[in-house]
Amino acid sequence: MALFSAFQTTFLLALLSLKTYQSEVLSEPLSLAPESLEVSIDSARQCLHLQWSVHNLAYHQELKMVFQIEISRIKTSNVIWVENYSTIVKRNQVLRWSWESKLPLECAKHSVRMRGAVDDAQVPELRFWSNWTSWEEVDVQSSLGHDPLFVFPKDKLVEEGSNVTICYVSRSHQNNISCYLEGVRMHGEQLDPNVCVFHLKNVPFVRETGTNIYCKADQGDVIKGIVLFVSKVFEEPKDFSCETRDLKTLNCTWVPGSDAGLLTQLSQSYTLFESFSGKKTLCKHKSWCNWEVSPDSQEMYNFTLTAENYLRKRSVHLLFSLTHRVHPMAPFNVFVKNVSATNATMTWKVHSIGNYSTLLCQIELYGEGKVIQKQNVSVKVNGKHLMKKLEPSTEYAAQVRCANANHFWKWSEWTRCNFTTAEAAPSEAPDVWRNVKSVQGHCVVTLFWKPLSKLQANGKILFYNVVLENLDRPSTLKLLSIPAPANGTELTLDQCSYQIHVTANNSVGTSPASVIAVSGDPGNKEVEEERVKGTEDGFCLSWKPQPGDVTGYVVEWCERPGDPLCDVQWRNLGPNTTSTVVSSDAFRPGVRYNFRIYGISTERIPYLLEKKTGYSQELVPSDNPQVLMSNLTSYSFTLSWKDYAAESQPGFVQGYSLYLKSKAARCLPGSEKAVLSDDSICCKYKIDNPKQKTFVVENLQPASFYEFFLTPYTSVGEGPQGAFTKVTTPDEYSHILIRITLPMIFSILLIMILCYLKSQWMKEKCYPDIPDPYKSSVLSLIKSKENPRLTIMNVKDCIPDAIEVINKQEGTRKSLTETEPTKPTYLYLLPTEKSHSGPGPCICFENFTYNQAASDSVSCGHVPVTPKAQPSQLGLLTSSENGPKALGKNYVNSLGEIPAGETNLNYVSQLASPMCGDKSSLPTNPPEPALCSEYKTQMAIPMGLTSPPSITLLDEGEHDH
């Protein structure tokens, strides 16, 4: 009891002393002022870092205090920032606080002071401010150096759209400084004579190497500059998601924000924090991070993903249940078994996922690149599915994927398996067509068939069977086997009717037969061809329905007209169809396509119904006709182009355009003015009939110049512009001159040809050749004893009967036309033989060719001389011997004595008729003619050889002319 009393007394005394101490402490104000204030500079971040401590706190005492901080610029009275900073303070604890300046710290002097106060609920009565600390001055300009010009901040990094303050510091008051942002001058405010400040608002991203800013003085070459690095805005992560594949590990993924856009990228860090467990992890990758699931089977998770770089920090949040984020792994051991022509079985296995082992699996079957079957199946460990209604000999792809059946989150990846079904017999008959021609009494049938589609063939087609059945002899069959991949064959048949069966065969069986008939009598009637216009969709063809039984129609065409392998195409249509649209990728503009429409009778015999032709797209003509001009007159000419093939043009020729140029300003009737592509003006004739191949241009002017050009046109336009042909119309009288001149020229040519052909005859008749004395046949009758050349003119060798003497008139020579014809004087020479009785021999010299005067005597008159004539009457020729001698001597001598032009020789023809002369001058009772020699001696007698007194001349009336 005494012990208890002692303990109680001690406790009370201690309590009394504590209360006494508290009363002493509370009775006097505590002096808790900040002490040991220090200020440092971070130029890179443009920050002031403050640190201080509070020394008057009791040992182990903690109080919540608030510190008021003031920052002034240039002068202490210019306070630019005031902030209250609250924190828990311990005894002698070093406290820190930072302030970022918008103005670069190098641009002005800054001063800092602070004071503190207790802000603790335990001692509310102690809330009052302590005294201010002294001003701590920060002056960076004093450490800049002695350069004349500085620009700040250096290499500052900001985000796009930020506000930035720039300044320059000059050591001289005299220089006028100008500053430029990307070459554009900036305007600022002067802080003091040496410092100018520029405020940039909403700075843009310029380039990845930064934005250039520089300042220069007007005097001197001092230039200073900085680079302001502007990055793109740091974005928060997108599509933040977490999932598990085995309920052991969570995989979180996201899409990071866009890059800063600078050459030197800003470092980024990603932190994952789970609030329920309080765990935190620094992610090693930029777009994903793994998180180990707690072994205590934590169901809910609340994640915060924080992305941070030098300038900014971004955060996103995600709350989910673990079992709702299950993403199964892909199935494995996938096989397709028991494959037949139409069925197959697919099997697979799945990965177990803890207690949540029920999975929903989806099966897809692909054929020809598209999904043809889809089915969902629930499985736990092994899966199995039967696929039905498959096509024979077809490649398929089956794939399977699985997901959580209780809480669907995501499908797993696909697992695929390929397989091919077995073959089956072809299911469809080949599509067959034919082309029939008659060659030398035989029927040549070209069969065509289209390959079966993959679904129809049910396998690889190996060959085609062609069976020929003679309908006139049904028991006659012929089998042809055509190996694949042939799509036709040619058959030579007689004039009988045949039925042709075509089947396709693969390794399993034969297709149904396609039947077509060929008649011995084709009986194709002439069908007029119609035009059809093509469109973008193809050719729209229609025909009249046929009366009677028609099993169908066939439309035939050629996709490559003009090519020997024209690729015949056809289309089978039902009996109730009377129109169709034919389209093909092979149709080309400007190509004419011909279509034939056949009807199929109940005997499977095709017969031609209609023909149609057209263009998928008409074009302008490709060339112009060769034009020939004829019948050119003074007022018209005719053009013709009969050899022009309009069918070969890339469009239906609807007519022709004739362009005519002339110097006349107006166009002729039937034409109109037109402007060509070269802006020249001419007249245009339009010929609307495409079958017209001639045209007469009329109403022209004589002796005028024209140019013409002819071109066809289609519904699209005219053909190419070519060269004009020039023509000049003749004068209107030129045709009359031609009609006169041509016959004259023809007549002259005809006369010249006749003269050339009859030249020898004309020569003989008009101017015969002079006879050669040395070639005369009379020489054969004369026996010359001396030189033959002298004998021919020797008088003694021939006895002349008469000599014609022509007296030459003295005086001026007259022309033949002016000279009066002179009658020739004949000198008759009589033989001396007295024994001769009757008329004596006579020789008459006569040649009118060489004596124009003698030509008036039409003939040589022969008067016989009687033997009783006296010798004195004969003159110098009294003797047959002496006469010729004297004559010959005198003749020879006188040739050189007679002056030129005074001797006139008269030659008489050698040939003499027994009785010749002018009948009118003959005596009334002429004596019997004496026989004359056949040839007369040719001699010449000069006109002055004999004297007139010695020659007896016969009177005119005594001889014939």
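Since the model is a prediction, treat every value here as computed from it, not as a measurement.

Brief notes about unusual backbone geometry
Among all residues save glycine, negative phi is the norm, and among peptide bonds the norm is trans.
Here is step 1 of the chain: Residue F152 is joined to P153 through a cis peptide bond whose omega torsion reads 5°.
Here is step 2 of the chain: Within the secondary structure, P153 is located in the loop between β8 (149-152) and β9 (157-159).
Here is step 3 of the chain: Looking along the chain, the bond that leaves A484 and enters P485 is cis, with omega of 10°.
Here is step 4 of the chain: Positionally, P485 belongs in the loop between β34 (477-483) and β35 (488-493).
Here is step 5 of the chain: Even without being glycine, N333 reaches a positive phi, approximately 55°.
Here is step 6 of the chain: Mapping N333 onto the fold places it in strand β24 (residues 332-337).

Here we look at the sheet that holds strand β36 (residues 498-505)
Here is step 1 of the chain: Taken together, the four strands give an open sheet; going across it, the order is β34-β33-β36-β37, and neighbouring strands pair in antiparallel fashion. The open sheet terminates on both sides in strands that have one partner only, identified here as β34 and β37 (514-518). Each strand axis lies, on average, 20° off the axis of its neighbour in the sheet, ignoring direction.
Here is step 2 of the chain: Here strand β33 (residues 463-470) pairs with β36 via eight bridges, running antiparallel. Directly across from F463, in β36, lies its bridge partner N505.

A short note on the sheet that holds β35
Here is step 1 of the chain: Across the sheet, three strands lie side by side as β31-β32-β35; this open sheet has antiparallel pairing. The sheet terminates laterally at β31 (431-439) and β35, the two strands that pair on one side only. The sheet shows a mean angle of 20° between the axes of neighbouring strands, taken without regard to direction.
Here is step 2 of the chain: Pairing of strand β32 (residues 442-450) with β35 involves six bridges; the strand directions are antiparallel. Counterpart to L447 in the pairing with β35 is T489.

Some thoughts on the environment of A58
Here is step 1 of the chain: By the secondary structure assignment, A58 is in the loop between β2 (47-53) and β3 (62-73).
Here is step 2 of the chain: Exposure remark for A58: the relative accessible area of 36% places this residue in the partly exposed category.

Details of the state of the cysteines
Here is step 1 of the chain: Taken as a whole, this structure holds five disulfides when the rule is applied.
Here is step 2 of the chain: The side chain of C242 participates in a disulfide bridge whose partner is C252; the two sulfur atoms lie 1.9 Å from each other. Between C242 and C252 the disulfide shows an S-S torsion of about 110°. By sign, it is right-handed. Placement of the pair is C242 in strand β17 (residues 238-244) and C252 in strand β18 (residues 249-255), with a sequence separation of 10 residues.

Remarks on the nonpolar core
Here is step 1 of the chain: Counting residues in each nonpolar core, the largest one holds 31 residues, and the members touching the most others are V445, L447, W449, V466, L491 and I500.
Here is step 2 of the chain: Ignoring anything within four residues of it in the chain, the contact list for V445 reads R434, N435, V436, T489, E490, L491, L493, I500 and V518.
Here is step 3 of the chain: Core analysis: the second largest hydrophobic core is formed by 23 residues, W52, F67, M114 and V118 among them.

Rules and cut-offs
Residues numbered from 1 in each chain as written. Predicted model: local features only at pLDDT ≥ 70, side-chain atom pairs only at ≥ 80, totals over all residues. Heavy atoms only, no water. Helix = DSSP H or I, 4+ residues; strand = E, 2+ residues; numbered from the N terminus. Pairing = 2+ DSSP bridges. Axes fitted to C-alpha atoms, helices over the stretch in contact; angles between N-to-C directions. Buried < 20%, exposed > 50% of the residue type's maximum accessible area, 1.4 Å probe, protein only. Disulfide = S-S within 2.5 Å. Core = buried A, V, L, I, M, F, W, Y, C linked by side-chain atoms within 4.5 Å. Contact = heavy atoms within 4.5 Å.

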